[in-house]
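The residues making up each chain are set out below.
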Amino acid sequence: MMTEVPESLRSIFDPVVAGSLVELRRELHRHPELSWQEVETAQRLRRALLDFGVSDVVSVGRTGLVARIPGRSRGAPTMGIRGDIDALPIVEDTGLPFASEAHGVMHACGHDVHASWAVGAARLLVERPAESDVLVILQPAEEVGEGARAILESGAIDDVKMIFGGHVDRRFAVGQVVAQEGPLAASTDTFTIVLAGAGAHGARPHESADPIVGAAALIGALQTLVSRRLDPSEPGVVTVGMINAGSASNIIPDRAELRGTIRATSASARALLTGELRRITEALALAYGLAASVVLEGGTPPIVNPAGATGIAREAVANVLGADALTPLGTMNMGGEDFAAYMERIPGCFMRIGAREAGGKTIPAHSAAYYAAEGALFVGAAVLAECARVGARR
Ligand SMILES: [Zn+2]
Ligand SMILES: [Zn+2]
């Protein structure tokens, strides 16, 4: 089984390079590693870069790599291309001939393809360099929302003036690319609420301050954050994903713990939802005679693509695939993406890259059946390399 390079990209990829990229992607898929454990993955990627003539590669952020591909002139602004490399704790059920050999670990988010297309972009930039140096960032630990910050804090990409990245997406066919201005991914804040009351015998509730009844009321009340407080023209999500309380059917416990996630696509919606979560929790606890503690862990901010870098990405897509490849996002994606951390400091554009094969189905990411169609590998490599070339000319 050999994946074909999409028709429009055949002139860009040497057949030997194309074969090596497919082989690399399958090796990565076969040997997935969880966030911060991507040791063998990094070794494979380093070898692949070396085979492709990229020798300036440094280890960064524990298990990440940054490769520098020299540009044609000094002084042009350095461009960045990022591919994330980590996998997820899921038992794979794809039936692929190159399915995971690490039981319980799986590339269920397509980062095997992202890592491979970044290496592919590096190769294309060796063959046809940009005006400027390009840093290809192979980033660990995206799934835990920590890798991008680690790369930034290392200082290794301090000279990058613009950064590009993308995510495979089976809602779109191979060859379609979403590169549009405005929101593209949501913020991801985590909350932990503890309701503290007083325990008692299950038969004597009047002697208790029951945190389970309080928690039930609170879960209902939290649904009004999106339905009654948030402007209905703005997307937002409040999900309670964990609830923990009690030890026996006839005991009223003295505490209940709730954990969940808040998603928003603007700074104002994010501030409103987190602020209102705290206010409603504290007020409701008071009404139920409970003490509340609310701990918010700030995750990644939303991704909001700015006009300038998005214009460059759109030009790049049109150059390699034709303008028809540009597709609107349609329904907002409320998932998070730690690429947002780069964009707090560096202008950039994050894309959705179509990854559904002809006749294929939409399969949700982070599910045991998920995989990205292999053709997406060539689209991502070609588009990202061209983003760097167009960006460096501006
Ligand atoms: Zn993911
Ligand atoms: Zn992902």
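To be clear, the structure that these remarks concern was listed above.
In what follows, the accompanying structure is described. These figures come from a predicted structure and were not determined experimentally.

**With respect to the coordination of the zinc ion (ligand 1)**
Okay, step 1: Those protein atoms acting as donors to the zinc ion (ligand 1) are C109 (SG), E143 (OE), E143 (OE) and H366 (NE2), and they sit at 2.0 to 2.6 Å.
Okay, step 2: Taken together, the 4 donor atoms coordinating the zinc ion (ligand 1) and their angles of 54 to 148 degrees define a geometry best described as irregular.
Okay, step 3: Here the donor residues for the zinc ion (ligand 1) map to a single chain with the spacing C-x33-E-x222-H.
Okay, step 4: According to the relative accessible area criterion, C109 is buried, its value standing at 8%.

**Some words on the sheet that holds strand β1 (residues 57–60)**
Okay, step 1: Read across the sheet, 7 strands follow the order β1-β2-β4-β3-β5-β15-β6 without closing on themselves; strand pairing throughout is mixed. Two strands in the sheet have a free side with no partner beyond their single neighbour: β1 and β6 (177–178).
Okay, step 2: Looking at chain direction, strand β3 (residues 78–84) and strand β4 (residues 134–139) are connected through 6 bridges and run parallel. If you follow I81 over to β4, its bridge partner there is V136.
Okay, step 3: Where helix α3 (residues 111–127) meets the sheet, its contacts fall on β2 (64–69), β3, β4, β5 (160–173) and β15 (348–356), and the angle it forms with β5 comes to roughly 130 degrees.
Okay, step 4: The strands that helix α4 (residues 147–154) touches are β1 and β4; relative to β4, the one it contacts most, it runs at about 135 degrees.

**With respect to the side chain of T281**
Okay, step 1: Looking at where T281 falls in the secondary structure, it is placed in helix α6 (residues 267–287).
Okay, step 2: Setting aside anything within four residues of it in sequence, one finds T281 in contact with I193, L195, L218, L222, A292 and V294.

**Focus: the sheet that holds strand β8 (residues 187–196)**
Okay, step 1: One open sheet accounts for 4 strands, arranged β10-β12-β8-β13; its pairing is antiparallel. Only two strands of the sheet have a single partner each, and these edge strands are β10 (236–245) and β13 (291–297). With direction set aside, neighbouring strand axes in the sheet form an average angle of 20 degrees.
Okay, step 2: Of the pairings in the sheet, the one linking β8 to strand β12 (residues 255–264) comprises 10 bridges and is antiparallel in character. Within β12, the residue paired with F191 across the bridge is G260.
Okay, step 3: Contacting β8, β10 and β12, helix α5 (residues 211–229) runs over the sheet at an angle of about 170 degrees to β10.

**Remarks on the coordination of the zinc ion (ligand 2)**
Okay, step 1: At the metal site, the zinc ion (ligand 2) is ligated by C109 (SG), H111 (NE2) and H167 (NE2), and these contacts range over 2.1 to 2.4 Å.
Okay, step 2: Donor residues for the zinc ion (ligand 2) sit on one chain with the sequence pattern C-x1-H-x55-H.
Okay, step 3: Separating the zinc ion (ligand 2) from the zinc ion (ligand 1) is a gap of 3.2 Å, which C109 spans by donating to each of them. Of this pair, C109 sits in the loop between β3 and α3 while H167 is found in strand β5, placing the two residues 58 residues apart along the sequence.

**Here's the deal with the pairing of β2**
Okay, step 1: With 5 of its 6 residues buried, β2 lies for the most part within the structure.
Okay, step 2: The pairing of β1 with β2 spans 4 bridges and is classified as antiparallel. Among the inter-strand pairings, V58 is bridged to a residue of β2, identified as V66.
Okay, step 3: Linking β1 back to β2 in an antiparallel pair, the connection comprises 3 residues, with G61 at a positive phi of about 60 degrees.
Okay, step 4: Strand direction decides the pairing type here: β2 and β4, joined by 5 bridges, are antiparallel. In the sheet register, A67 faces β4, and the bridge partner there is V136.

**Description of the packing of α3 against helix α9 (residues 375–393)**
Okay, step 1: Running from N to C, α3 and α9 cross one another at 50 degrees; their axes reach a closest spacing of 8 Å. On the basis of their axis angle, the class for α3 and α9 is oblique. The two elements α3 and α9 meet at a crossing, and its hand is right-handed. Of α9, the residues touching α3 (which contributes V113, S116, W117, G120, A121, L124 and L125) are A376, L377, G380, A381, A382, L384, A385, A388 and R389.
Okay, step 2: Classifying every residue of the contact of α3 with α9 gives 12 nonpolar, 3 polar and 1 charged.

What counts, and at which threshold
- Residues numbered from 1 in each chain as written.
- Chains lettered and ligands numbered in written order.
- Predicted model: local features only at pLDDT ≥ 70, side-chain atom pairs only at ≥ 80, totals over all residues.
- Heavy atoms only, no water.
- Donors = N, O, S within 2.8 Å, 3.2 Å for Na, K, Ca; no water.
- Tetrahedral: all angles 85-135°; square planar, octahedral: opposite > 155°, others 65-115°.
- Buried < 20%, exposed > 50% of the residue type's maximum accessible area, 1.4 Å probe, protein only.
- Pairing = 2+ DSSP bridges.
- Helix = DSSP H or I, 4+ residues; strand = E, 2+ residues; numbered from the N terminus.
- Contact = heavy atoms within 4.5 Å.
- Axes fitted to C-alpha atoms, helices over the stretch in contact; angles between N-to-C directions.
- Parallel < 35°, antiparallel > 145°, perpendicular 65-115°, else oblique.
- Left-handed = near helix turned anticlockwise from the far one by under 90°.
- Nonpolar A, V, L, I, M, F, W, Y, C, P; charged D, E, K, R; others polar.

Function cannot be inferred from these measures alone, as they are strictly geometric.
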